[in-house]
Amino acid sequence: MQLHIAILASYSLALMALGLWIGRRVRGASDFFVASRQLGPGLIFSTLLAANIGAGSTVGAAGIGYSNGVSAGWWVGSAAIGSTILAVWIGPAMRREAAAQGLRTVGDYLEYRYSRSVRGVVSAILWLGSIQLLGAQLIAIGTILEVVAGVPFAIGCAVGGVVITVYFTAGGLLTSVWVNVVQLCVKLFGFALALPLAVEAFGGWGAVGGVRPDDTSYWTFWRPGPPGLMYLAILVPAFIVSPGLLQKIFGARDDRAVRLGVGANALGLLSYAAVPAVLGIIARGRFPQLSDAGLALPMILMYGLPPAVGAIGLAAVFSAEVSAADAALFMLTTSLSQDLYKRFANPRATDDQVFRVARWTAFLAGAFATTTAIVSASIIGALTIFYTLLGVTLFVPIVAGLYARRTSGVGALASIMAGVCALVVVQVATDGRGWGVATPALVGLAAAIAAWAGSWVIESARGQFGAQTT
C-alpha cells in the first residue's frame, strides 16, 4: 500500500508541475481556449483518447463487465463508433466553420448558426450535465484510492480535484493536451501490462471463459440493453457532438489533423473496448460476492496483480480519470466564461477579462464538482445523465446546422425542448428503465429529431410559398 501511495503522489506532483511549466507559455484567451489552432494529428489523437478513456471506460465498464459480462464492450465500442463519424464527417466540417468564423466554443457555433437564445439554453443545460461528468471522474478516483491505497473516499476525491484544477487552470487546452500525452502513455502501458498478468494470475483464458458458464446472457455480446446494444443510443450521438471533443478539434491546424487524430482515437477505443470487460469478468470469478460492482477494477489492482504492477495499474487508472476530468473542466470553463459571461453578463469584456474569468471558473468548477462527487455514489448513473443530455440537446442542432441549411433557430430550440421534455417524462415515469428498447435516451433523441423534422417542413413550405408570391 505504501508503494501505491508513493507512486501516485509522485505522479500527481509531476502532472501539476508539467501543467504549471507549460502554462507559462499561455498568454491569452486564444491559447487557453483553442491552443492558437496549432494542434497536429498526434496531439489531437492523444488528447481525445486520453479524454475518452475515463471513469466510465475503466471503473464503470469493468463494473458492467462484472455484472453483465461481455456486453460491457458496448460502452467503449459505442464511443469508437461515434468517434469514427466525428473523424470522417462532423469534425472536419466543424473545424472549418470554427476557423473561418473565429469560433472558440460550441456555444459560439450555435449562436453563429442559430441565435443567442439557442446558445444560452444549451450552455445552461450542458453546464449542469458537465458537473455530472466531472463528478463521475472524481468518484472513480475516490473509489480507487479508497480500495487500493486506503485513502478515505472524500480525500481521494479532493486529491483528484486539486491535481486537475491546478494543471488545467495554468493553461487550459494548451496545458491539457500536453499533460494528456503523458497520461495516455501511462494508461496504455499500465493496461497493456495489467491485462495479460491478470489473465495469467486467474488461470489463463480458459479460466476466464469458465466464469458463469450456465448464464448464456453473460456471454452474449449482442445482448439488447442497457447494458448492451442500447448503449449505442446513449453514447454514439454524445461522442459525435460533445463540446469537450469538438472544442479540442477547434484547436486543430487543418482538416487532415482532425481526420487522422480523431480516426486514430477511434481505433484506439475499439482496441481497448474489451479490456475493462475482461477485467470485470476476472473480478467476478475471483470475488463473486462484491457488494458493489464498481469495486471490480480496484479489487483486481489490489489483489489480482503483483504489487508493483498493481501500482502501475493504479497510475494508469488515475491517469484515465484525471484526463477525462480535465475535458469536463474544459467544458465547464468555456461554457461559463465564453458562452455565458462574455455573451450575456459582459458583452464588452476584453480577451484579458475573459481569460481571467476562465481561470477563476476552472478553480470554482473544480471545487464544486469535488463537493458533488463526495456526496454522490454512482459513476455510470452520473455519466448516463451527461451523455443522454448531450444526445438530446446537441446532436440535432449541430448535425442539422451543418447539413440542412434551412434549419432555423426556432427548429433548433424546438428540437432541444422536445428532446429534453421527452427524456424527463420517460426518466420519471419509468425510474430510468424505459419501456423495453424505448430507453429515455432513445425516446428523447427520437422526439428531438421529430420536432426538428416538423419545423424543417414548415420552414421549407414557407420558403417555397414566399418564393412563389414574389
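Treat the numbers as computed from the prediction; the structure is a model and nothing was measured.

Conventions and cut-offs
- Residues numbered from 1 in each chain as written.
- Predicted model: local features only at pLDDT ≥ 70, side-chain atom pairs only at ≥ 80, totals over all residues.
- Heavy atoms only, no water.
- Helix = DSSP H or I, 4+ residues; strand = E, 2+ residues; numbered from the N terminus.
- Rg over C-alpha atoms; globule rule 2.2 N^0.38 Å.
- Buried < 20%, exposed > 50% of the residue type's maximum accessible area, 1.4 Å probe, protein only.
- Contact = heavy atoms within 4.5 Å.
- Areas by Shrake-Rupley, 256 points an atom, 1.4 Å probe, with all protein chains shown as cover.
- Core = buried A, V, L, I, M, F, W, Y, C linked by side-chain atoms within 4.5 Å.
- Patch = residues over 30% accessible without salt bridge, like charges linked within 9 Å, V, L, I, M, F, W, Y side chains within 5 Å.
- Salt bridge = Lys/Arg side-chain N within 4 Å of Asp/Glu carboxyl O.
- pLDDT = per-residue confidence, 0-100.
- Axes fitted to C-alpha atoms, helices over the stretch in contact; angles between N-to-C directions.
- Left-handed = near helix turned anticlockwise from the far one by under 90°.
- Nonpolar A, V, L, I, M, F, W, Y, C, P; charged D, E, K, R; others polar.

1. Some words on the overall build of the protein chain
No. 1: The helix and strand tally for the protein chain stands at 19 helices and 0 strands.
No. 2: Expected size for 470 residues packed as a compact globule is a radius of gyration near 23 Å; at 22 Å, the protein chain falls within 12% of this value.
No. 3: The principal-axis extent of the C-alpha atoms belonging to the protein chain is close to 80 × 55 × 40 Å.
No. 4: Across the 470 residues that make up the protein chain, the buried fraction comes to 60%.
No. 5: Of the contacts made within the protein chain by residues no fewer than 6 positions apart, 84% connect residues no fewer than 24 positions apart.
No. 6: Summed over all atoms, the accessible surface of the protein chain reaches about 17400 Å², with 67% contributed by carbon and sulfur.

2. A few points about the nonpolar core
No. 1: The biggest cluster of nonpolar side chains holds 158 residues, and the ones touching the most others in it are Trp75, Tyr387, Leu394 and Ile398.
No. 2: Not counting residues within four places of it along the chain, the set of residues in contact with Tyr387 comprises Trp75, Leu133, Ile234, Leu235, Ala238 and Phe239.

3. Considering a nonpolar patch on the surface
No. 1: Taken together, the side chains of Val88, Trp89 and Tyr403 define a hydrophobic patch exposed on the protein surface, amounting to about 350 Å² of accessible area.
No. 2: With respect to the helices, strands and loops of the structure, Tyr403 is situated in helix α17 (residues 379–403).

4. A look at the confidence of the model for the protein chain
No. 1: Of all residues in the protein chain, 97% attain a pLDDT of 70 or more, and the chain-wide mean is 90.
No. 2: No element of the protein chain has a lower mean pLDDT than helix α19 (residues 440–469), at 83, and none a higher one than helix α12 (residues 255–272), at 98.

5. Here's the deal with the pattern of salt bridges
No. 1: For the coordinates displayed, the defined rule picks out 10 salt bridges.
No. 2: Here Arg96 makes a salt bridge to Asp255, at a shortest N to O gap of 2.4 Å. Here Asp255 lies in helix α12 and Arg96 lies in helix α5 (residues 73–101), a separation of 159 residues in the sequence.
No. 3: A relative accessible area of 40% means that Arg96 is categorised as partly exposed.

6. Considering the environment of Val166
No. 1: Structurally, Val166 is set in helix α8 (residues 153–202).
No. 2: Spatially, the C-alpha atom of Val166 lies 29 Å from that of Ile240, the residues being 74 residues apart in sequence.
No. 3: With residues up to four places along the chain from it excluded, the contact list for Val166 reads Met16 and Leu20.

7. Points about the packing of helix α1 (residues 2–23) against α8
No. 1: Contact pair α1 / α8: the axes reach a minimum separation of 7 Å and the direction vectors enclose 115 degrees. α1 and α8 meet at a crossing whose hand is right-handed.
No. 2: Here the contact of α1 with α8 is built from residues that sort into 16 nonpolar, 6 polar and no charged.

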